[in-house]
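# Inside the fold
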Amino acid sequence: MKVNFSPVSFGNRDIRYHDKSHNILETFDDRQNLVRRIKYDKLCRDVDSVEFNEKKEVIGHLHKEYTPDGCIETYKSKTQEYVREIKTFVKDSFTHHIEKFTSKTSPQNNYINEFVRDATGKLVKVINNGKVLIIK
């Protein structure tokens, strides 16, 4: 019986390292092409994610900027570009979670959603593009 071994490996491989202010995770495919690079801040939140194709071209870029009451997320690819703003705050003992989505490539998909919860966390109201849905 003859057995041949080959140095071929299958599956993705991850490399983690630290630069001056970020932890970075790079994912490579089984051909050792860089597929994705994600940067994390000191609080382990992803702040920047870049996806690559086989030609090492950027095919998608997601950036997040964290604010004291939420997050501003921007995404850009060849087919899509949008900004999503997320805010959470407490007003009159109700928690309001507002998400505003603004697409430059598909403005017909823009929306503003607001979810209102009481002090126990129960969903009491949903506001979608100005239309109020009362939850019973």
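This text goes with the structure placed above it.
Presented here is a report on the structure given in the accompanying data block. (Residues numbered from 1 in each chain as written. Predicted model: local features only at pLDDT ≥ 70, side-chain atom pairs only at ≥ 80, totals over all residues. Heavy atoms only, no water.)

## Describing unusual backbone geometry
- The phi torsion at glutamine 32 lies on the positive side, around 70°, for a residue other than glycine.
- Within the secondary structure, glutamine 32 sits in the loop between strand S2 (23-28) and strand S3 (34-40).
- Here the phi dihedral of cysteine 44 falls at roughly 65°; this positive angle occurs in a residue that is not glycine.
- As for its placement among the helices and strands, cysteine 44 is situated in the loop between S3 and strand S4 (46-52). (Helix = DSSP H or I, 4+ residues; strand = E, 2+ residues; numbered from the N terminus.)

## Considering the pattern of salt bridges
- Tallying each qualifying case throughout the model produces 8 salt bridges.
- Where arginine 36 meets glutamate 51, a salt bridge forms, and the shortest distance between an N and an O atom there is 3.3 Å. With a gap of 15 residues between them, arginine 36 in strand S3 and glutamate 51 in strand S4 connect regions that are remote in the sequence.
- The partly exposed category is assigned to arginine 36, whose relative accessible area is 32%.
- If you follow the salt bridges from partner to partner, you end up with Glu73, Arg84 and Glu99 in one network. (Salt bridge = Lys/Arg side-chain N within 4 Å of Asp/Glu carboxyl O. Buried < 20%, exposed > 50% of the residue type's maximum accessible area, 1.4 Å probe, protein only.)

## Observations concerning the sheet that holds strand S7 (residues 81-91)
- A sheet is described by the order of its strands in space; here 11 strands give the open sequence S1-S2-S3-S4-S5-S6-S7-S8-S9-S10-S11, paired in antiparallel fashion. Looking at which strands have only one partner, the edges of the open sheet turn out to be strand S1 (13-18) and strand S11 (131-134). When strand polarity is set aside, the average angle formed by the axes of neighbouring strands in this sheet is 10°.
- Where strand S8 (residues 94-103) lies against strand S9 (residues 111-117), 7 bridges are found, and the strand directions are antiparallel. Note on S9: the bridge partner recorded for histidine 96 is valine 116. (Pairing = 2+ DSSP bridges. Axes fitted to C-alpha atoms, helices over the stretch in contact; angles between N-to-C directions.)

## Notes on the packing of aromatic side chains
- Taken as a whole, this structure holds 3 aromatic pairs when the rule is applied.
- Between the aromatic rings of tyrosine 75 and tyrosine 82, the centroid separation amounts to 5.5 Å while the plane-to-plane angle is 25°, which identifies the pairing as stacked.
- Since its relative accessible area comes to 18%, tyrosine 75 is described here as buried.
- Assessed through its relative accessible area of 10%, tyrosine 82 is described here as buried.
- One residue, arginine 13, lies across the ring of phenylalanine 28, its end atom 5.0 Å from the ring centre.
- Its guanidinium or amino end placed over the ring of tyrosine 66, arginine 45 lies 4.2 Å from that ring's centre, counting from NZ or CZ. (Phe/Tyr/Trp six-rings, centres within 6.5 Å; stacked < 30°, edge-to-face > 60°. Lys NZ or Arg CZ within 6 Å of the ring centre and 35° of its normal.)

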